Amino acid sequence: MNKNTRFKFYGVLLAALVAGAAPQLFADTLLIKGAKIITLDEQGTLTVGDMLVRDGRIEQIAENLDAVTADLVIDGKGKVVTPGIIAPSSELGLTEIGAAASTNDSAISDAPLGAGFDPAVAFNPQSTLIPFNRAGGLTRAVVLPGSEEKIFAGQGFAIKLTGGYDSVTQTGLVQKVYFGESGAQLAGGSRALAYAQIEQALSQAGEYAANRAAVRRGDWRELDYSLEDLDALQPALSGEQPLLIAADRSSDILQLLALAKKFNLKLIILGAAEGWMVADALADAQVPVVIDALGNTPSAFEALGARMDNAALLHKAGVTVAISGPGYAGSHNSYLSRQGAGNAVAYGLPYEDGIKAITANVAEIFGLEGGTLAAGNLAELVVWSGDPLEVTSYAEMLLIDGQPQSLVNRSTRLRDRYLHPKAGTGHAYER
Amino acid sequence: MIGLLSACGGGDKPEARKADFARQDTFPSTYKADEATPVLIRGATLLTGTGEQRLNTDLLLKDGKISALGEDLKAPRKATVIEARGKWVTPGIIDVHSHLGDYPAPAIESSQDGNEMTAPNTAQVWAEHSVWTQDPQFALALAGGVTTLQILPGSANLFGGRGVTLKNVPGRSVQDMKFPGAPYGLKMACGENPKRVYGGKGSLPSTRMGNVAGYRQAWIEASAYRDKWQDYQGKGGEEPERNLQLETLAGVLNGEILVHNHCYRGEEMAIMMDIAKEFDFQISTFHHAVEAYKVADLLAENKVCAAMWADWWGFKHEAFDMTEANIAIVDQAKACAMIHSDSAIGIQHLNQETAKAMVAGQRAGFHIEPRHAVTWMTLNPAKSLGIDAVTGSLEKGKMADVVIWSGNPFSVYAKADQVFIDGVLMYDRDDPSRQPHSDFELGILDAEGERLPEGGQQ
C-alpha cells in the first residue's frame, strides 16, 4: 500500500521534472484524505481528517472535505500529517564531508572576525546533505557557524530545504557564543575569562553605539574588538537578535541567565545537558533551550547530570524545548531529531510536545515560518507512513513552501543501483 | 571453548596449533555469574534469534542457562515468575564494536586510552589493559539491553592491537568481566585513519597503497614467526624469542584470533580479502562497512561478516557512499550482517538502530521481519565474535542472556525493563536496587547520593 502511493507520487514528480516543469504545475489543489493530522495549532489533532492545499497554502483542515475535488488526492489512511521538521542547530550547506577541510565553511581561524562572521554567503543549496535530510522529513533548518578560536562564532541563518538558490530565508538570525568548557578553552583557560569577554564585548558594543562617530573618527579610546564585530553585536544588544550560547553545566546556565538579565538579552541556551537542574530558573527567565535528547552520558564534567528525561523535566517546569539531531550524527543526519524526540517522549515528554520540540517550538524560538498547520499557512508538511516519532516510520510526501519535494537522494540512488550486487560492469549502467 | 568459530570465523581451518600464540590464559577470565534462582518468564512474545517469533510463550532460565521455551511451562521450586504478557523478549544485545572503558565518560585527556597512535603496527597492545571498569557508560549500555560487548582498540593503526569480549557486568578488574573462553580479536584498519596519522608524520603509510604494503610486510614476518615456533615445537632446538606483536598476528594465522577490520570501502574490503587469501587467514568481520552493500556477494562468498551503522555517513570521504539499506542488502546477499555502535550513545539504542535498518530493507522491497532482523543485534554479532555456540539466541542450553522489553523492541518507545546475564537479573528498570552504579557515580554531583537522584538510569 505504502509502496504504491510512493511510486505513484514519484511518477508525477518525475514526469514533471523530465518535462522541466515549474513546481507550481504539480497541482493547484492537493487534498490529503483520511489522515491523522497533528496541527499543533488551534485545531489540535484530528484523528481522521482531510486537508486541502490550494496554490501552496493550506485552505482548509476538517474532519471531512468530501465535497471538495482536487488535482491530486492523497490517500492518507493510516498516515500521519505533521508540520515539517525544523533543525534548530545544523551546518547544512556549510559542510559536505566532515574530515575534508576544503568542503567545510562553517568555522574560521586566524581571522579578525568573530561576531561579525556571517557564513550565509558560503551556503551551498546543492549539498548532498539537503536531499538526504529532506527525505528524513526536514523542511527547514537553522544553520550555525562553529568556532575554533573565538567564543563568538558568528551569525546563524535560516534555510528551507528545497535545494534552490533562494534557500536562505533569513540572515543574521542569531549570534552564536561558546560558554562552558569549550568557551573556557577558547577564551584562554577559564569560564571566568569567557564570561568577562562576553560582558566586555557587549559593553563595548554599547559604548560604540553611543559614540559611533567619535569611534569612527578615531577620537575615542582604543576598543578591543573590530568595528565589524561591534556592529554585528548591535542587534543582540538591542534585544532584536537572540544570543545562542552553548552551556551544559547547571551553574553555567545560571550565570548566563544573570548575564541576559544584566544586558536585557534575548537568550537561547544550546546544550543544557544539566538544564533540568535549573529548569525553574530557565522557565522564570523565559529562556528556551536547544538540547540533544539522546545525550545522557556524563560525557564531560560539565554534563555529569545528563539524563534521558531532561526534555521532560524542562518541559514540565515550563521551559520551551527544541530538540536537535543527536550529537554523534552531525548535520548529515539532522533529521534524526525525531528519534531524539521519540526517546524524549518514551522518557516522559508528552507526545505532542515531542513533536513540537522538532517543529513548532523551533519556529517559535528562532522566528521562522512553518511549525504549525492552519488555514492560511504556507503548506509546509510531511505525510508520514505512521507515527512520526517512531524510527520505523518515514516520510512519504513532503511539502516546502507549498510545493511537493523530491525524496530521492544518494542513499536511495545507491540502494537502487546495488540492490542485488554482482560481479561485472553492469552496476555502472544502473541509474 | 575452542571450536566456537562458525560462519564468520572460518572454522574449517585445520588444527595446526602447537605454540600458544593467543595466550588465552595470561589474563584469565575470573567472571563468575552470581547464583541464579530459576526464572520463568510467562506469556511474552519471543524473538528467538533463530528466525522465529513466538507469541505468548514461556521462557525458563535455570542454572544460568536457557532451559526451555514453550506453552504453560511449570515453574520450578523457588523460581521467580515474571508475568510478561504484552512484553517482548529477545536474546541479550551484543555489540561487536565498542570502546567503553577505553574511551570512558567523562572524556578527559587523561582517560583517552583507546588508540596507541605511536606506530602503524601495535598488534602487541591489548584493549583490555586500558579498560577502566568504573566507566559509567557500561551501566547505561546495560539499561539498553546490551549483555555482551567487544572492546576494541582504536583505528589509527594498520594493526591496532587485540580486542576483548566482555560480559556487561560490574567488575573490579577487567578479568571479572571477561567473557569466558571468547577468542581474542585483532583490530585492523583500512583507509583514511592510518594514512592520515602516519602520513602526517612523514612515515609509511601515507597512502592506501602504503597501508597495504604495511599489512603484507607484517604478515610475512608473522608467517616466519609462526613457522619458527612450529619448527621448534616439532623438532626442538633453541626456543625462539617471544615477540608480543608477532604472537598476536601468528594467532590469527593459526585461526585462534579473529580479525576485526575497520574498513569502509568496497574496493578496500576486496583487497583485504585477497590479502587474507595470500597469507591463508580468515577475516571475521569488516567494521564500519559503509560500502559493504557494494561487495555483499564477495562477503558471502568469503564468509566474512559486516558490522554496520543504520545511517551514519559523511564524516569522512570513505563514509560518503552510504545507503540506509546497507545492512539489508548485505543480509539478502546471504552474508552475515549486523548492527554495531562504536558509540556510547548508539550502544544504548541498538534496538532502534536495527529497526531503522530493517525498515530501510523493507522499503528496498525485501521481505524482512522482526524475527529475522533481531539476528542483526544478537546471533550475528555472536558469530562475528566466535561465541554463537553459547549465546546470541534463545536456545536450550545457551547462556541465559535475555532482555525483557516493555513492548516491541523495534519501537522507539520500548525500553529494556529487565536484563539477565547468565540467568542473573543484572538490571531492573523498576527496582533501583538492581541498577548498578560505578564507583565514579557515588557522591558525584551530590555527596550523599549517586550521579542522578532517581536511580541513575533515567
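Residues numbered from 1 in each chain as written. Chains lettered and ligands numbered in written order. Predicted model: local features only at pLDDT ≥ 70, side-chain atom pairs only at ≥ 80, totals over all residues. Heavy atoms only, no water.

1. Here we look at the overall build of chain A
Then, in step 1: Helix and strand counts for chain A come out as 14 helices and 16 strands.
Then, in step 2: Here chain A has a C-alpha radius of gyration of 23 Å; the compact-globule value for 431 residues is 22 Å, and the two agree.
Then, in step 3: With the principal axes as the frame, chain A shows a C-alpha extent of 70 × 50 × 45 Å.
Then, in step 4: Each of the 431 residues in chain A was classed as buried or not, and the buried ones make up 58%. (Helix = DSSP H or I, 4+ residues; strand = E, 2+ residues; numbered from the N terminus. Rg over C-alpha atoms; globule rule 2.2 N^0.38 Å. Buried < 20%, exposed > 50% of the residue type's maximum accessible area, 1.4 Å probe, protein only.)

2. Quick word on the domain arrangement of chain A
Many authors give the size of an interface as the accessible area that is lost as the parts come together.
Residues and elements named next belong to chain A.
Then, in step 1: Examined at the domain level, chain A breaks down into domain 1 (3-83 + 378-418) and domain 2 (85-366).
Then, in step 2: For domain 1 and domain 2, the distance between their C-alpha centres works out to 31 Å.
Then, in step 3: Tallying the contact residues gives 28 residues for domain 1 and 27 residues for domain 2.
Then, in step 4: Taken together, the two surfaces of domain 1 and domain 2 that pack against each other cover about 2100 Å², and 63% of this comes from carbon and sulfur.
Then, in step 5: The interface formed by domain 1 and domain 2 holds three salt bridges in total.
Then, in step 6: We note a salt bridge from Arg-140 to Glu-380, for which the minimum N-O separation is 2.3 Å. (Domains from an automatic or database assignment. Contact = heavy atoms within 4.5 Å. Buried area = accessible area lost by both parts, 1.4 Å probe. Salt bridge = Lys/Arg side-chain N within 4 Å of Asp/Glu carboxyl O.)

3. Let's talk about the pattern of salt bridges
Then, in step 1: Under the definition given, this model contains 38 salt bridges over all chains.
Then, in step 2: We note a salt bridge from Arg-216 of chain B to Glu-278 of chain B, for which the minimum N-O separation is 2.9 Å. Of this pair, Arg-216 of chain B sits in helix α3 (residues 208-235) while Glu-278 of chain B sits in helix α5 (residues 266-278); the two residues are 62 residues apart in sequence, bridging distant segments of the chain.
Then, in step 3: Within this structure, Arg-140, Lys-160, Glu-380 and Asp-401 of chain A form a network of salt bridges that share partners.

4. Overview of the side chain of His-340 of chain B
Residue and element names in this part refer to chain B.
Then, in step 1: The topology assignment puts His-340 in the loop between β13 (337-339) and α8 (350-363).
Then, in step 2: Judged by relative accessible area, which is 2%, His-340 ranks as buried.
Then, in step 3: A distance of 2.7 Å separates polar atoms of two side chains, one belonging to His-340 and the other to His-288.
Then, in step 4: Ignoring any residue separated from it by four or fewer positions in sequence, one finds His-340 in contact with Asp-95, Val-96, His-97, His-287, His-288, Ala-307, Met-308, Trp-309 and Leu-350. (Polar contact = N/O pair within 3.5 Å; in protein donor to acceptor, adjacent residues only side chain to side chain.)

5. As for the packing of aromatic side chains
Then, in step 1: Inspection of the entire model under this criterion finds 22 aromatic pairs over all chains.
Then, in step 2: Above the ring of Trp-276 of chain A, the side-chain terminus of Arg-307 of chain A is found at 4.4 Å from the ring centroid.
Then, in step 3: Looking at Arg-162 of chain B, its charged tip hangs above the ring of Tyr-184 of chain B, at a distance of 4.8 Å from the centre. (Phe/Tyr/Trp six-rings, centres within 6.5 Å; stacked < 30°, edge-to-face > 60°. Lys NZ or Arg CZ within 6 Å of the ring centre and 35° of its normal.)

6. Comments concerning the state of the cysteines
Residues and elements named next belong to chain B.
Then, in step 1: Per the stated rule, a full pass over the model turns up two disulfides over all chains.
Then, in step 2: Residue pairing for Cys-190: its cysteine sulfur links by disulfide to Cys-263, the two sulfurs lying 2.2 Å apart. With the S-S bond torsion at -90°, the cross-link from Cys-190 to Cys-263 turns out left-handed. You can see Cys-190 sitting in the loop between β9 (185-189) and α2 (192-199) and its partner Cys-263 sitting in the loop between β10 (258-262) and α5, a full 73 residues away along the chain.
Then, in step 3: Disulfide pairing places Cys-305 opposite Cys-336 at an S-S distance of 2.3 Å. Looking down the S-S bond of the Cys-305 and Cys-336 bridge, the torsion is 95°, so its handedness is right-handed. Highlighted residues: Cys-305 in strand β12 (residues 305-308) and Cys-336 in the loop between α7 (326-332) and β13, separated in sequence by 31 residues. Like Cys-336, Cys-305 is buried. (Disulfide = S-S within 2.5 Å.)

7. Re the nonpolar core
Then, in step 1: With 99 residues, the main nonpolar core has Phe-159, Trp-219, Phe-281, Phe-286 and Leu-299 of chain B as its most contacted residues.
Then, in step 2: If one sorts the elements of this core by residue count, α3 of chain B sits on top with six residues.
Then, in step 3: With residues up to four places along the chain from it excluded, the contact list for Phe-286 of chain B reads Asn-261, Cys-263, Met-269, Met-272, Met-273, Leu-299, Val-304, Cys-305, Ala-306 and Ala-307 of chain B.
Then, in step 4: Within the second largest apolar cluster, 92 residues are counted, among which are Ile-97, Ala-194, Leu-233 and Ala-344 of chain A. (Core = buried A, V, L, I, M, F, W, Y, C linked by side-chain atoms within 4.5 Å.)

8. Quick look at the interface of chain A and chain B
Then, in step 1: Listed by partner, the interface residues are 55 residues for chain A and 55 residues for chain B.
Then, in step 2: Interface area, chain A with chain B, both sides summed: about 4700 Å², of which 61% is carbon and sulfur.
Then, in step 3: Taken together, the links from chain A to chain B amount to one salt bridge.
Then, in step 4: Connecting chain A to chain B are 23 residue pairs in polar contact (both at pLDDT 80 or more).
Then, in step 5: When contributions to the side of chain A that touches chain B are tallied by element, the ones reaching two or more residues are α1 (2-18), α2 (129-135), α11 (337-346) and α14 (410-417) of chain A.
Then, in step 6: Counting residues per element, the side of chain A that touches chain B draws most heavily on α11 of chain A, which supplies five residues.
Then, in step 7: Here the residues of the side of chain A that touches chain B sort into 29 nonpolar, 15 polar and 11 charged. (Nonpolar A, V, L, I, M, F, W, Y, C, P; charged D, E, K, R; others polar.)

9. Side note on the UniProt feature "domain: Amidohydrolase-related" (unreviewed entry) in chain A
Then, in step 1: Under the present numbering, the feature "domain: Amidohydrolase-related" (unreviewed entry) in UniProt falls on residues 290-389 of chain A.
Then, in step 2: Between the C-alpha atoms that bound residues 290-389 of chain A there is a distance of 18 Å. The span itself is 31% helix and 9% strand. (UniProt positions renumbered as here; feature names shortened; annotations may be inferred.)

10. Remarks on the confidence of the model for chain B
Residue and element names in this part refer to chain B.
Then, in step 1: The predicted model of chain B has a mean per-residue pLDDT of 95, with 95% of residues at 70 or higher.
Then, in step 2: Confidence scores differ between elements of chain B, with α2 showing the lowest mean pLDDT of 95 and strand β5 (residues 88-91) the highest of 99.
Then, in step 3: Taken as a whole, residues 1-7 scores under 50 in pLDDT and shows 21 contacts with residues more than four places along the chain or in a different chain.
Then, in step 4: In this model, residues 9-17 is a region of pLDDT below 50 whose contacts with residues beyond four sequence positions or in other chains number 15 contacts. (pLDDT = per-residue confidence, 0-100.)

11. Looking at the sheet that holds β9 of chain B
All names here are of chain B.
Then, in step 1: Reading across from one edge, β6-β7-β8-β9-β10-β11-β12-β13 is the order of the eight strands in this open sheet, with mixed pairing throughout. Of all strands in the sheet, those bounded by a partner on one side alone are β6 (93-98) and β13. When strand polarity is set aside, the average angle formed by the axes of neighbouring strands in this sheet is 25°.
Then, in step 2: In this sheet, β10 lies alongside β9 in parallel orientation, the contact comprising five bridges. When the sheet's bridge partners are listed, Leu-186 is paired in β10 with Val-259. (Pairing = 2+ DSSP bridges. Axes fitted to C-alpha atoms, helices over the stretch in contact; angles between N-to-C directions.)

12. What about the confidence of the model for chain A?
Should pLDDT be low for a region, the predicted coordinates there are not to be read in detail.
Then, in step 1: A residue-level look at chain A finds 94% of positions with pLDDT of 70 or above and a mean pLDDT of 93.
Then, in step 2: Below a pLDDT of 50 lies the segment residues 1-25 of chain A, which in the model reaches 25 contacts outside its immediate sequence neighbourhood of four places, other chains included.

13. Brief notes about the packing of helix α4 (residues 191-210) of chain A against helix α8 (residues 250-263) of chain A
To describe two helices that pack against each other, one gives the angle between their axes and the distance between the axes.
All names here are of chain A.
Then, in step 1: At a closest axis distance of 12 Å, the pairing of α4 and α8 adopts a crossing angle of 15°. Between α4 and α8, the angle falls in the class roughly parallel. Between α4 and α8 the crossing geometry is right-handed. Counting all contacts with α4, which are made through Arg-191, Tyr-195, Ile-198, Glu-199, Leu-202 and Ser-203, the residues of α8 involved are Asp-252, Gln-255, Ala-258, Leu-259, Lys-262 and Phe-263.
Then, in step 2: Looking at side-chain class alone, the contact of α4 with α8 contains six nonpolar, two polar and four charged residues. (Parallel < 35°, antiparallel > 145°, perpendicular 65-115°, else oblique. Left-handed = near helix turned anticlockwise from the far one by under 90°.)

14. What about the UniProt feature "domain: Amidohydrolase-related" (unreviewed entry) in chain B?
Then, in step 1: Under the feature "domain: Amidohydrolase-related" (unreviewed entry), the UniProt entry names residues 334-423 of chain B.
Then, in step 2: The straight-line gap between the two end C-alpha atoms of residues 334-423 of chain B is 32 Å; of that span, 28% is helix and 14% is strand.

15. Examining the sheet that holds strand β13 (residues 321-323) of chain A
Residues and elements named next belong to chain A.
Then, in step 1: The eight strands are arranged β6-β7-β8-β9-β10-β11-β12-β13 in an open sheet whose pairing can be described as mixed. For this open sheet the edge positions go to β6 (85-90) and β13, each flanked by a neighbour on one side alone. Adjacent strand axes in the sheet meet at a mean angle of 25° when their direction is disregarded.
Then, in step 2: Sheet analysis places strand β9 (residues 168-178) next to strand β10 (residues 243-247), joined by four bridges and oriented parallel. Paired with Val-177 across the strands is Ile-245, a residue of β10.

16. Notes on the environment of Gly-101 of chain B
All names here are of chain B.
Then, in step 1: Mapped onto the secondary structure, Gly-101 falls in the loop between β6 and α1 (137-143).
Then, in step 2: Separated by 172 residues in sequence, Gly-101 and Met-273 have C-alpha atoms that sit 31 Å apart.
Then, in step 3: Those residues within four positions of Gly-101 in sequence are excluded, and the remaining contacts are Ser-130, Val-131, Trp-132, Asp-135 and Phe-138.

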